[in-house]
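Structural characterization, general
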Amino acid sequence: MAERRAFAQKISRTVAAEVRKQISGQYSGSPQLLKNLNIVGNISHHTTVPLTEAVDPVDLEDYLITHPLSVDSGPLRDLVEFPPDDIEVVYSPRDCRTLVSAVPEESEMDPHVRDCIRSYTEDWAIVVRKYHKLGTGFNPNTLDKQKERQKGLPRQVFESDEAPDGNSYQDEQDDLKRRSMSIDDTPRGSWACSIFDLKNSLPDALLPNLLDRTPNEEIDHQNDDQRKSNRHKELFALHPSPDEEEPIERLSVPDVPKEHFGQRLLVKCLSLKFEIEIEPIFASLALYDVKEKKKISENFYFDLNSEQMKGLLRPHVPPAAITTLARSAIFSITYPSQDVFLVIKLEKVLQQGDIGECAEPYMIFKEADATKNKEKLEKLKSQADQFCQRLGKYRMPFAWTAIHLMNIVSSAGSLERDSTEVEISTGERKGSWSERRNSSLVGRRSLERTTSGDDACNLTSFRPATLTVANFFKQEGDRLSDEDLYKFLADMRRPSSVLRRLRPITAQLKIDISPAPENPHYCLTPELLQVKLYPDSRVRPTREILEFPARDVYVPNTTYRNLLYIYPQSLNFANRQGSARNITVKVQFMYGEDPSNAMPVIFGKSSCSEFSKEAYTAVVYHNRSPDFHEEVKVKLPATLTDHHHLLFTFYHVSCQQKQNTPLETPVGYTWIPMLQNGRLKTGQFCLPVSLEKPPQAYSVLSPEVPLPGMKWVDNHKGVFNVEVVAVSSIHTQDPYLDRFFALVNALDEHMFPVRIGDMRIMENNLESELKSSISALSSSQLEPVVRFLHLLLDKLILLVVRPPVIAGQIVNLGQASFEAMASIINRLHKNLEGNHDQHGRNSLLASYIYYVFRLPSTHPNSPSPGPGGLGGSVHYATMARSAVRPASLNLNRSRSLSNSNPDISGTPTSPDDEVRSIIGSKGLDRSNSWVNTGPKAASWGSNPSPSAESTQAMDRSCNRMSSHTETSSFLQTLTGRLPTKKLFHEELALQWVVCSGSVRESALQQAWFFFELMVKSMVHHLYFNDKLDAPRKNRFPERFMDDIAALVSTIAGDVVSRFQKDTEMVERLNTSLAFFLNDLLSVMDRGFVFSLIKSCYKQVSAKLYSLPNPSVLVSLRLDFLRIICSHEHYVTLNLPCSLLTPPASPSPSVSSATSQSSGFSTNVQDQKIANMFELSLPFRQQHYLAGLVLTELALILDPDAEGLFGLHKKVINMVHNLLSSHDSDPRYSDPQIKARVAMLYLPLIGIIMETVPQLYEFTETHNQRGRPICIAPDDYDSESGSMISQTVAMAIAGTSVPQLTRPGSFLLTSTSGRQHTTFSAESSRSLLICLLWVLKNADETVLQKWFTDLSVLQLNRLLDLLYLCVSCFEYKGKKVFERMNSLTFKKSKDMRAKLEEAILGSIGARQEMVRRSRGQLERSPSGSAFGSQENLRWRKDMTHWRQNTEKLDKSRAEIEHEALIDGNLATEANLIILDTLEIIVQTVSVTESKESILGGVLKVLLQSMACNQSAVYLQHCFATQRALVSKFPELLFEEETEQCADLCLRLLRHCSSSISTIRSHASASLYLLMRQNFEIGNNFARVKMQVTMSLSSLVGTSQNFNEEFLRRSLKTILTYAEEDLELRETTFPDQVQDLVFNLHMILSDTVKMKEHQEDPEMLIDLMYRIAKGYQTSPDLRLTWLQNMAGKHSERSNHAEAAQCLVHSAALVAEYLSMLEDRKYLPVGCVTFQNISSNVLEESAVSDDVVSPDEEGICSGKYFTESGLVGLLEQAAASFSMAGMYEAVNEVYKVLIPIHEANRDAKKLSTIHGKLQEAFSKIVHQSTGWEFLPCEYFPVYL
């Protein structure tokens, strides 16, 4: 490869190895990773492992045994090991909706029914990881939880929030921009008046004991205590979590499997009134879907007749059961659509005459005319009475109507009233049959439980409506079928409906329709069971109506339901001889052939008994070929036999009362046997009808069979159409499933031969039949497979665990079952797209594993937790039983002595043990299909001389299959056929490892399922064998561990080899594998799991070397790692209590190296410290996972890592997520423990120090020059990534390594100043908060030791980081939050451009987002489709407040809350920085070296004073500053003079604060500063001058400066001076007084300037005069000249600004020439007179000129050569802007000699370029310059 990858560069090379040999011992303790040389190791290790390769993990279990913790108890103890109650298996009773659970009444059940019932009633078996919620997947840093943790925060006081107007934020920026730049004085007013004002003002409170001479240590101690009190414990509670999609490590707990309901609708029938009331009317309601042509609910029968009408039927109707009196019903609709109608059908008592005649009176009589038609009505009533007496048990069709459901829902939804009244009448329907809303048909998302996309079809939230149906249609006798009904309904929706032309029956039916409440009271299920809550059985119930969904619903059965619906459709007796006209069909469900064998299982309709033995269809008068519209609902017995059948008897009903004519005459019979070859018979039938009673034994035959001697209607043709539909959770109604269950149950029952369909299966061909039935499962329909999913998977698992014994041979079905499972799971995955979670786990399968799956036959006798396992009748009754588990678990566990069969708890003579002793210790060979056959096996029995009984048993067994479920006596004699008991997880792992081809592929596709199954099996196994407390190394056999290792390794191989081709699949596989390893950490040998992680890492690393673009694979590895690290005991897994004693390692060199310091000077103590802060080998081995996390961070943030820029955010989020999770974890709240946790992240400090050049510049807002760089910018580039210790450099250079000296780092300057890609604000902020967390929580002594080891350069880097933190976490102020709230969206232009590109360009933004979220977007630093922005959300300049796009206007309270949080975060962050600075200062004090870094400390302190800080922080900050000055006074007054000026400015700024506590502290600091300066040299000229300058600068630039506050502070300083007894005898108090009066004078002058703020000319004039007044003080004059220049350039007076700058330069030149004699510098202001003659004003000739040698004079940064150059360059630029090009030339004349002397070719070329531009402009245009005399520009213009 021409260009070597960054990763590849890190592979060791031979040359480097030589160097390494020499120096690896010498190198010690820099936090730099020294990546390029792979020196990650340290003295005591000759071996180093580059960061790109995984290290060997420590053997955790051994380590814990060999390093017992010295602490016996207490908080640290819990960090060492997982808690004992970490994992539990909980049996939780399933919720039963009904008061009594739905189970069949029969006690004897066949095995299949028993299995089903068990499957629907047994408790859920749930594995609980008790502390799982403490893993990072459930990090509380989500909004709701954050709010909880933020309660009770103190309100921090900020001056910016208190300030009367909003410009204070601006000043701070201004005074930073103009650092020590300006001075101010107005023409003097009266001294006396000014002093009078000052003396009369009040001072602020004085700080107690300020003037005492307290030792520094004590002061530090006090400061420390105060700083540490009342701190906020959880830093991350104040920091918003980074923007992320759903965190990848979150696995939602699947929903509990429960009965399916669609959207539920409550229909209440209120009243039904006709114009005349002469007879009872019976009504039914049902839902129909016109489009699907399907009835989508069962019938709901209701009775609204008056008591008087009901009385007419007393003789025929038994007393009504309360369950049949319901008038309200709950309908469920899974697929609501525009095609659903509510159809109401009415019936009346049968009478003579066809329907038209019978309906006539209802159409012609009106209620109003009742008196007029009294006689006619009486006659009608008496007729009705007669018919009720005689024909009361028969019905006839009467009328019907339909309501278009969605019209009601949508119109009700749109009306404002609480409940809506809708009138529907057929006469003049205003389009109510057509849709009122032209909404499109609902899309068929048929595989999900949908709330359809169409609003109109949402039944959950419409307003309740009361409907009055005004008209009914008369039923047509010849149009009763469903087909006719669908035509009518379709027609109703047309505007010109045929139905409208029909004459209606006027009536009033009132019904209420509303969304069903969540848990209605007094509800009955379709089986009439009472649903909880049912407080009183006497209350009229509401019926739940069973839904027949329009399309398949894929939900597993969870309750017992076994209903049969019979729909007689039509009968054709046209060709039957004899009289048969008024025909009714009697339907009966028979269990035998005797008439008395009818079962009372037919549900009653309304106002009748609950169940009856027969049901009659309605009669169509005088019709030989009637249609029927009846629904007969039957409760099927759980176990059916061949004798159960449906019997249909046809009767002719005699309507007229004639002599000798019976009421009903049987005219035909037919029947349907319920079982056919053992399967339930359902579907459409067209049956022949027999004229005479069927003969004996008819029920086992079908009527289609021509029985001899029987007479049939119409020559045995089919004349009766009937449909039978079953809704059953017992009968699968799928031939493939039926066959499989039948065979498996046959094994249970060992009944041979087995009849399945037309086949008789003998024992010898059972094996092949069983295997073919397993493989045929894939042909079954998906819907029944899903319905019986739980049972099906249970059975397949049972076959794996308990291979059946067929014909004396054990048949291994592991492979077949594994294949079948893989195929079923993939079908579900492919077809049920809508049911997946973010990891692609199908919810039905996930809930099966979580709730249902358990190890088969964990205990033989208990009926509850899954015994008989999942299989039928397992009896190992006589085996030894164990002690009972606590009752709460409702389960007995057998303590097993045998590993291969935990069921048999060993009595030494148990056959299992003997068998094993004979077969040999291994028991089973690898494939687990050992066989032993033949009767001779009996000699192994526990009964050496077989009794007669056992011999018989033996004989029987020869022709009966001995299954995997045998009775105990059988077992004990036939030990030769002892059922083997395999462990499911072992068998599963084995099958998975050995499978290949398509099976392997389908297992890989759904790896998560098998992984989760395996883990649950492992936990159950440990639980039932009491091994959850056993040492982890002994929990699982080696064979199994090998299988797991092979499995993990091959799957990691798949991820690595296929990630480019099958992206989506590989993502799923990768997360599944990670979750699996995460789970294993809870149950297995953890060192073993670490080695698995290492093997995965190894494969990825090997692949990475060869990849041109590694980001996708690295992204997958990050997901993998993040999931593993989300383990709830992540901290414990990292051995936080181990000190880095290098682990015993296979390489002897390591141990020998540790034993002595390898001859080098550095002591072991230092070594340990260095190891803790670097990604050293011991660190990465012992803190294994933390090592991996930090290694990923280091590699991805490494500026040389090409192509990984896009992963910055991802890797930073991972670390942020871990730390914020530790922060909120209640287990780690103790500070001692938190320090241990923080120890795992110490290398983070070094890693972040490496990234300093790449971090976002938060400081820019304050300071145009960027960071206050402690290292020159060029050094930054050179140093990054290649910081090499001196010894290394020397070794490279070939010189010998100097021994026994601590190497100070030095820099090899890199030739190419490479540009770094900068991190986004959000990523930088996340990194910095992580850094602060580590600094806050780490042990201070450890930090101090490490700081001692760091070189000056590295400490400066750390200070740079802290400086950045100050700006990053600055408080923004309430006003900013309010302003942000009012700005809706301000997005940066580049982002808009990117968005447009995404919208218009080749990729859709949506896909882009999706791809990004999957980490597939490879972004190079140059940027691809979306540019190089690493966070693709809207980038604001600072994203740490996140704008909520949905809801832009936040309430006042929310803004207050945001400001409160931000204020607390700013305070806490700065206090942590202060703590760290204190530690650094301590380090310097202790070691008495590295004073050079104190300047950096001061810089950070000053920066924090300059930012917007809370009163709390400032008090501590000033205390620290006072301590620093008192410890190192010469630092300020001799070395860091620049800083002294800054400090004075900051202190004065805070002396004018509006908050009194801040003023008190600032004045105290200022007073002590003067005092210390005085004590050094009996004079405090320096501070005097700096304070005066600062004041002038402050008042010159600050807009909202308040004189009153400053006056109080000055008075406070005076008060201190007066009370300072120690210095009372010196000149100090007088000097202080002079200074204070002078300051006060300047203050008063400034007030004048304030008055003229609006008059620029006057203002400049005043400034000029003030500047003149400072003629004797060069620094102040310079400041004011610069203030004027600033004012001029603000108003674009560039010429005037340039003149001010020339004067400034002249002033500087004048004093420079006094200070140093350099030929090339200008001689003084004379040099400048060519530019302007006024310049001579600056000459220092008067008597009172201060000598520049005097302390504190001319010490500003401008009084240097580079300062002069800067001023001149600015002047030239201003002249150029003003178009005065000749002057540009004059300025450069002064500059050129200086650059020439310095040989600065670069600068010279720039200057000459600019001169060329200037002269060419003079040539092109006449400027008019020659006509202007220089004097024209007085300096104060």
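In this text the structure is predicted, and so the values were computed from the model without any measurement. (Residues numbered from 1 in each chain as written. Predicted model: local features only at pLDDT ≥ 70, side-chain atom pairs only at ≥ 80, totals over all residues. Heavy atoms only, no water.)

Next up on the list: the overall build of the protein. Looking only at helices and strands, the protein features 63 helices and 33 strands. Residues classed as buried in the protein amount to 59% of the 1837 residues present. Considering only contacts within the protein whose residues lie at least 6 apart along the sequence, 81% involve residues at least 24 apart. (Helix = DSSP H or I, 4+ residues; strand = E, 2+ residues; numbered from the N terminus. Buried < 20%, exposed > 50% of the residue type's maximum accessible area, 1.4 Å probe, protein only. Contact = heavy atoms within 4.5 Å.)

Spatially, S20-S17-S22-S23 is the arrangement adopted by the four strands of the open sheet, whose pairing is antiparallel. Unpaired on one side and paired on the other, strand S20 (615-616) and strand S23 (664-673) mark the two borders of the sheet. The sheet contact formed by strand S22 (residues 645-653) and S23 spans nine bridges and is antiparallel. Bridge pairing links His652 to Thr665 in S23. (Pairing = 2+ DSSP bridges.)

On to helix H54 (residues 1556-1577). With 22 residues, H54 ought to run about 32 Å at 1.5 Å a step, and its terminal C-alpha atoms sit 32 Å apart, in line with that. In terms of residue burial, H54 counts as a mostly covered element, since 17 of its 22 residues are buried. (Expected span 1.5 Å × (residues − 1).)

Across all of its chains, the model carries 42 aromatic pairs by this definition. Here the aromatic rings of Tyr850 and Tyr851 are separated by 4.7 Å at their centres, their planes lie at 75°, and the arrangement is edge-to-face. The buried category is assigned to Tyr851, whose relative accessible area is 5%. Site record: aromatic cluster; members linked through ring pairs are Phe818, Trp992, Trp1008, Phe1009, Phe1010, Phe1011 and Phe1076. A cation over an aromatic ring shows up here: Lys133 above the ring of Phe138, its NZ or CZ 5.1 Å from the ring centre. In this structure, Arg395 is placed above the aromatic ring of Phe282, and the distance from its NZ or CZ to the ring centre is 4.1 Å. (Phe/Tyr/Trp six-rings, centres within 6.5 Å; stacked < 30°, edge-to-face > 60°. Lys NZ or Arg CZ within 6 Å of the ring centre and 35° of its normal.)

What follows concerns the pattern of salt bridges. According to the stated counting rule, one finds 71 salt bridges in the structure shown. A salt bridge links Glu360 to Arg503; its shortest N-O distance comes to 3.9 Å. You can see Glu360 sitting in helix H12 (residues 355-364) and its partner Arg503 sitting in the loop between helix H16 (498-501) and strand S12 (505-515), a full 143 residues away along the chain. Residue class for Glu360 comes out partly exposed when judged on its relative accessible area of 34%. It is possible to trace a salt-bridge network through shared partners that takes in Asp224, Arg227, Lys228, Arg231, Lys1336, Glu1340, Glu1468, Asp1475 and Glu1478. (Salt bridge = Lys/Arg side-chain N within 4 Å of Asp/Glu carboxyl O.)

So, about the side chain of Thr1520. Here Thr1520 lies in helix H51 (residues 1511-1527). Judged by relative accessible area, Thr1520 falls into the buried class, the value being 7%. A polar atom in the side chain of Thr1520 sits 3.1 Å from the side chain of Glu1478. When residues no more than four places from it in sequence are discounted, the contact partners of Thr1520 are Asn223, Arg227, Leu1474, Glu1478 and Leu1501. (Polar contact = N/O pair within 3.5 Å; in protein donor to acceptor, adjacent residues only side chain to side chain.)

With that out of the way, let us pick up the environment of Leu1197. Note on placement: Leu1197 falls in helix H37 (residues 1184-1197). Take Leu1197: its relative accessible area is 1%, and that puts it in the buried class. Sequence separation of Leu1197 and Lys1209 is 12 residues, and the distance between their C-alpha atoms is 9.8 Å. When neighbours within four sequence positions are excluded, Leu1197 is seen to be in contact with His1208, Val1211, Ile1212, Thr1251, Gln1254, Phe1319 and Leu1327.

So, on to the packing of helix H43 (residues 1321-1337) against helix H49 (residues 1452-1487). One can describe the packing of H43 onto H49 by two numbers: an axis separation of 10 Å at closest approach and a directional angle of 55°. Here H43 is positioned oblique relative to H49, judged by the angle of their axes. By crossing handedness, the relation of H43 to H49 is classed as left-handed. Across from Arg1325, Ile1329, Leu1332, Leu1335 and Lys1336 in H43, the residues of H49 making contact are Asp1462, Leu1465, Glu1468, Ala1469, Ile1472, Ile1473 and Thr1476. (Axes fitted to C-alpha atoms, helices over the stretch in contact; angles between N-to-C directions. Parallel < 35°, antiparallel > 145°, perpendicular 65-115°, else oblique. Left-handed = near helix turned anticlockwise from the far one by under 90°.)

Note that Cys96 resides in the loop between strand S1 (87-92) and helix H5 (111-121). A relative accessible area of 27% places Cys96 in the partly exposed class. Residues Cys96 and Thr558 lie 462 residues apart in sequence; the distance between their C-alpha atoms is 9.9 Å. Excluding its chain neighbours within four sequence positions, the residues that come into contact with Cys96 are Ser101 and Lys532.

Here we come to the pairing of S1. The two faces of S1 differ: Ile87, Val89 and Tyr91 on one face are buried, but Glu88, Val90 and Ser92 on the other face are not. Here S1 runs beside strand S2 (residues 124-129); their pairing, made up of six bridges, is antiparallel. Following the sheet pairing, Glu88 is matched in S2 by Val128.

Quick look at a negative patch on the surface now. On the surface, a cluster of negative charge is made up of Glu1488, Glu1491, Glu1530, Glu1534 and Glu1535. Mapped onto the fold, Glu1530 is located in helix H52 (residues 1529-1535). (Patch = residues over 30% accessible without salt bridge, like charges linked within 9 Å, V, L, I, M, F, W, Y side chains within 5 Å. Areas by Shrake-Rupley, 256 points an atom, 1.4 Å probe, with all protein chains shown as cover. Lys, Arg positive; Asp, Glu negative; His and termini not counted. Charge placed at Lys NZ, Arg CZ, Asp CG, Glu CD.)

Further remarks concern the pairing of strand S7 (residues 328-333). S7 sits mainly inside the fold: six of its six residues count as buried. Where strand S3 (residues 263-274) meets S7, six bridges bridge the pair, whose relative direction is antiparallel. Bridge pairing in S7 places Lys268 opposite Ser328. Where S7 lies against strand S15 (residues 542-544), three bridges are found, and the strand directions are parallel. Opposite Ile330, over in S15, you have Glu544 as the bridge partner.

Our next topic: a nonpolar patch on the surface. There is a patch of nonpolar side chains on the surface, built from Val700, Leu701 and Val705 and spanning about 200 Å² of accessible area. Under the relative-accessibility criterion, Val705 is labelled partly exposed at 34%.

Attention now moves to the side chain of Arg854. Topologically, Arg854 is positioned in the loop between helix H22 (843-852) and helix H23 (911-919). For Arg854, the side chain forms a polar contact with the main-chain oxygen of Asp123, separated by 2.8 Å. A polar contact is formed between the side chain of Arg854 and the backbone oxygen of Val852, at a distance of 3.0 Å.

The bulk of non-glycine residues show a negative phi, and the bulk of peptide bonds are trans. For the bond from Lys532 to Leu533, the omega torsion is 0°, close enough to zero to count as cis. Counting through the fold element by element, Leu533 comes out in the loop between strand S14 (530-531) and S15. One non-glycine residue with positive phi stands out, namely Ala697, at about 60°. Tracing the backbone shows Ala697 in the loop between strand S26 (683-688) and strand S27 (718-728). The backbone of Gln733 sits at a positive phi, close to 55°, despite the residue not being glycine. Positionally, Gln733 belongs in the loop between S27 and helix H17 (735-749).

What follows concerns the environment of Asn721. The topology assignment puts Asn721 in strand S27. A relative accessible area of 26% places Asn721 in the partly exposed class. Note: C-alpha distance between Asn721 and Gln569 (152 residues apart in sequence) is 5.3 Å. Contacts of Asn721, omitting those with residues within four sequence positions, involve Tyr567, Pro568, Gln569, Ser570, Phe685 and Cys686.

Bringing the packing of helix H27 (residues 997-1005) against helix H30 (residues 1063-1083) into the picture now. The interhelical angle for the contact between H27 and H30, taken along N-to-C directions, is 70°, at an axis separation of 9 Å. The orientation of H27 relative to H30 falls into the category roughly perpendicular. Residue-level contacts link Glu1001, Leu1004 and Gln1005 of H27 to Met1065, Arg1068 and Leu1069 of H30. For the contact of H27 with H30, a count of residues per class yields three nonpolar, one polar and two charged. (Nonpolar A, V, L, I, M, F, W, Y, C, P; charged D, E, K, R; others polar.)

This part covers the confidence of the model for the protein. Regions with low pLDDT carry predicted coordinates that are not meant to be interpreted in detail. When pLDDT is averaged along the protein, the result is 78; 75% of the residues meet or exceed 70. Averaged pLDDT values for the elements of the protein fall to 30 in strand S33 (residues 1305-1306) and rise to 98 in strand S21 (residues 632-635). Here residues 1-46 scores under 50 on pLDDT; set against residues more than four positions off or in separate chains, the count is 132 contacts. In this model, residues 165-190 is a region of pLDDT below 50 whose contacts with residues beyond four sequence positions or in other chains number 98 contacts. (pLDDT = per-residue confidence, 0-100.)

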